[in-house]
Amino acid sequence: MKTTGNSLWLALPVAAAALAFGVAAAPLPPAPSAHPPASPPPASASRGAEVYEAKCGACHSLDANRIGPKHRGVFGRKAGAVPDFHYSDALKKSGIVWNEKTLNTWLQSPVKMVPGTAMGFQLRDAQERADVIAYLKQVSGKH
Amino acid sequence: MIEDIGPKSRRSLLIGSATTLSVAGLGVVLGSAALPRAARAATGNAAQDVQLLNAALGLEHEGIAAYQLGAESKLLKPEVLKVAVTFQSHHKQHRDDLVAAINKLGGKPVTAKALTDYAKELNAASLKSQADVLRLALKLEKGATNAYLGVIPSLDQPDLYLFAARTAADESFHAAVLGNVLGEPIPEKAPMFG
């Protein structure tokens, strides 16, 4: 976007000046297109650890039940299965097993995936979701 | 109230000044057209909002407890303790607002755990200095800011959007002050939260 915009602002006065002096304006080079969407970097557990701390850490810890259940071992675990944590009925009855796919859907919108859940936090950035999932997989010993 | 989570002591003097939001005040917070109880409680969306507000209430209970643990640690210098107590009073206000909102929606607010439970969950035994206490508070405040922002798209009641955003702003203010006291560098990139 920035490159395209700058090129346009630079190109317009040049073309106008060429026309004003009776010089046939050479066809403008095609404006560079916006950067093609780069493929997302592969998921990174180390980045995921940072995102986890910043965005999940208010409610969750790896080894303690807090506002949310502890997360170590979550990968491959059935939803609502941490002992001594009080889950919503909706999550307990969901039948979900946590893996890349289910965690990705869950983190996009828990209330859409399991209406009645107590978790409303949405992690909307796809890269952050992938990184957090990689981290949760790592701390669950599922490399 | 802090007394809900531990024995009464000097801390009730320290932290007993939180104001309580009246029901009329809640109307201002949440909007006067919000929440006719019977109508709202009858819908699944109201029940969903109650669930989410209760999670936020759990967060506030924990935040109040964290500042309580810090206040009782004897690790804080007097001027820092004063700030911590003020921040705790803000969390008490958030708690009271959430309790009022949950009641209005026909829900049952979650109660606080014992202070000893929070101490264990937050690993309070590892706090050995003022900086340790402030780092814990900073982590929780940053997390709470993100938590409130991240829940907004899941809320059904539009008046709750403002409530959550306003509370997030309070938490981010706390985080900024704590980060400054700890000498943390100013984040180079924006947005810093959400």
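Residues numbered from 1 in each chain as written. Chains lettered and ligands numbered in written order. Predicted model: local features only at pLDDT ≥ 70, side-chain atom pairs only at ≥ 80, totals over all residues.

**Q** I tried to follow the packing of helix 2 (residues 45-56) of chain A against helix 6 (residues 126-139) of chain A on my own but got confused; where do I start?
**A** To characterise two packed helices, one gives the angle between the axes of the helices and the distance between these axes. Residue and element names in this part refer to chain A. The geometry of helix 2 relative to helix 6 is characterised by a closest axis approach of 7 Å and an angle of 100° between their N-to-C directions. Comparing their axes, helix 6 and helix 2 come out roughly perpendicular. Between helix 2, through Ala 45, Arg 47, Gly 48, Ala 49, Val 51, Tyr 52 and Cys 56, and helix 6, the contact on the second element is made entirely by Glu 128, Asp 131, Val 132, Ala 134, Tyr 135 and Gln 138. A class-by-class count of the residues in the contact of helix 2 with helix 6 yields eight nonpolar, two polar and three charged. (Axes fitted to C-alpha atoms, helices over the stretch in contact; angles between N-to-C directions. Helix = DSSP H or I, 4+ residues; strand = E, 2+ residues; numbered from the N terminus. Parallel < 35°, antiparallel > 145°, perpendicular 65-115°, else oblique. Contact = placed C-beta atoms within 7 Å. Nonpolar A, V, L, I, M, F, W, Y, C, P; charged D, E, K, R; others polar.)

**Q** What is the right way to look at the interface of chain B and chain A in this model?
**A** The parts lose accessible area when they come together, and the size of an interface is often stated as this lost area. Counting from both sides, the interface comprises 21 residues of chain B and, opposite them, 20 residues of chain A. Counting only elements with at least two residues in the side of chain B that touches chain A, the list comes to helix 4 (44-72) and helix 7 (130-151) of chain B. Among the elements that make up the side of chain B that touches chain A, the one with the highest residue count is helix 7 of chain B (nine residues). A class-by-class count of the residues in the side of chain B that touches chain A yields nine nonpolar, eight polar and four charged.

**Q** Sorry, what's going on with the confidence of the model for chain B here?
**A** Residues at a pLDDT of 70 or more form 77% of chain B, whose mean pLDDT is 84. The model gives residues 31-42 of chain B a pLDDT under 50, and that stretch makes 16 contacts with residues more than four places away or in other chains. (pLDDT = per-residue confidence, 0-100.)

**Q** When you look at unusual backbone geometry in this model, what are you seeing that I'm missing?
**A** Peptide bonds are mostly trans, and most non-glycine residues show a negative phi. Residue and element names in this part refer to chain B. A cis amide bond links Ala 190 to the next residue, Pro 191, at an omega of -5°. Relative to the helices and strands, Pro 191 is located in the segment after helix 8 (158-181). In this model, Lys 74 sits at a positive phi of 65°, which is unusual for a non-glycine residue. In this structure, Lys 74 sits in the loop between helix 4 and helix 5 (78-104). Looking at Lys 74, the number of C-beta atoms within 10 Å reads 8, which means it is exposed. The phi torsion at Asn 123 lies on the positive side, around 55°, for a residue other than glycine. Topologically, Asn 123 is positioned in the loop between helix 6 (115-121) and helix 7. (Buried ≥ 20, exposed ≤ 12 C-beta atoms within 10 Å, placed from the backbone.)

**Q** What is the right way to look at the nonpolar core in this model?
**A** By size, the foremost hydrophobic cluster in this structure holds 74 residues, and its most contacted members are Val132(A), Ala56(B), Ala66(B) and Ala137(B). Ranked by the residues each element gives to this core, the list is headed by helix 4 of chain B, at 14 residues. If near-sequence neighbours (up to four positions away) are discounted, Val132(A) is found in contact with Gly48(A), Val51(A), Tyr52(A), Cys56(A), Leu107(A) and Leu123(A). (Core = buried A, V, L, I, M, F, W, Y, C linked by C-beta atoms within 7 Å.)

**Q** How do you make sense of the confidence of the model for chain A when you look at a structure like this?
**A** Any region with low pLDDT has predicted coordinates that should not be read closely. Residue and element names in this part refer to chain A. Confidence in the prediction for chain A averages 83 pLDDT; 73% of positions are at 70 or higher. Within chain A, the lowest mean pLDDT, 42, falls on helix 1 (residues 2-20), and the highest, 98, falls on helix 5 (residues 110-113). Across residues 1-25, where pLDDT falls below 50, the model places 14 contacts with residues more than four positions away in sequence or in other chains.

**Q** Which parts of the structure should I look at to understand the environment of Gln130(B)?
**A** Residues and elements named next belong to chain B. Along the chain, the position of Gln 130 falls in helix 7. Looking at Gln 130, the number of C-beta atoms within 10 Å reads 19, which means it is partly exposed. Sequence separation between Gln 130 and Ala 147 is 17 residues, and the spatial gap between their C-alpha atoms is 25 Å. Residues within four places of Gln 130 in sequence aside, it is in contact with Leu 75, Leu 76, Lys 77 and Val 80.

**Q** Is there a simple way to think about helix 2 of chain A in this case?
**A** All names here are of chain A. Helix length check: helix 2, at twelve residues, gives a terminal C-alpha distance of 14 Å against a target of 16 Å (1.5 Å per residue), a shortfall beyond 12%. Inspection of helix 2 places Gly 48, Val 51, Tyr 52, Lys 55 and Cys 56 among the buried residues, and these make up the whole buried set. The arc enclosing the buried residues of helix 2, seen along the axis, measures out at 110°, which places them on a common side. (Expected span 1.5 Å × (residues − 1). Arc of directions from axis to C-beta.)

**Q** Can you help me understand helix 4 (residues 100-108) of chain A in this one?
**A** Residue pairs three or four apart in sequence face the same way in an α-helix, which turns once every 3.6 residues. All names here are of chain A. Within helix 4, burial applies to Leu 103, Trp 106 and Leu 107. One face of helix 4 carries all of its buried residues, which in axial projection span an arc of 90°. Those residues of helix 4 that are buried lie in contact with helix 5 and helix 6.

**Q** Would you take a moment to explain the packing of helix 4 of chain A against helix 6 of chain A for this structure?
**A** Residue and element names in this part refer to chain A. Remark: helix 4 packs on helix 6, axes separated minimally by 10 Å, with the N-to-C direction vectors making an angle of 130°. Considering the angle they form, helix 4 stands oblique to helix 6. Seen from above, helix 4 lies across helix 6 with right-handed handedness. Residues Glu 100, Leu 103, Asn 104, Leu 107 and Gln 108 of helix 4 lie in contact with helix 6, whose contacting residues are Arg 129, Val 132, Ile 133 and Leu 136. (Left-handed = near helix turned anticlockwise from the far one by under 90°.)

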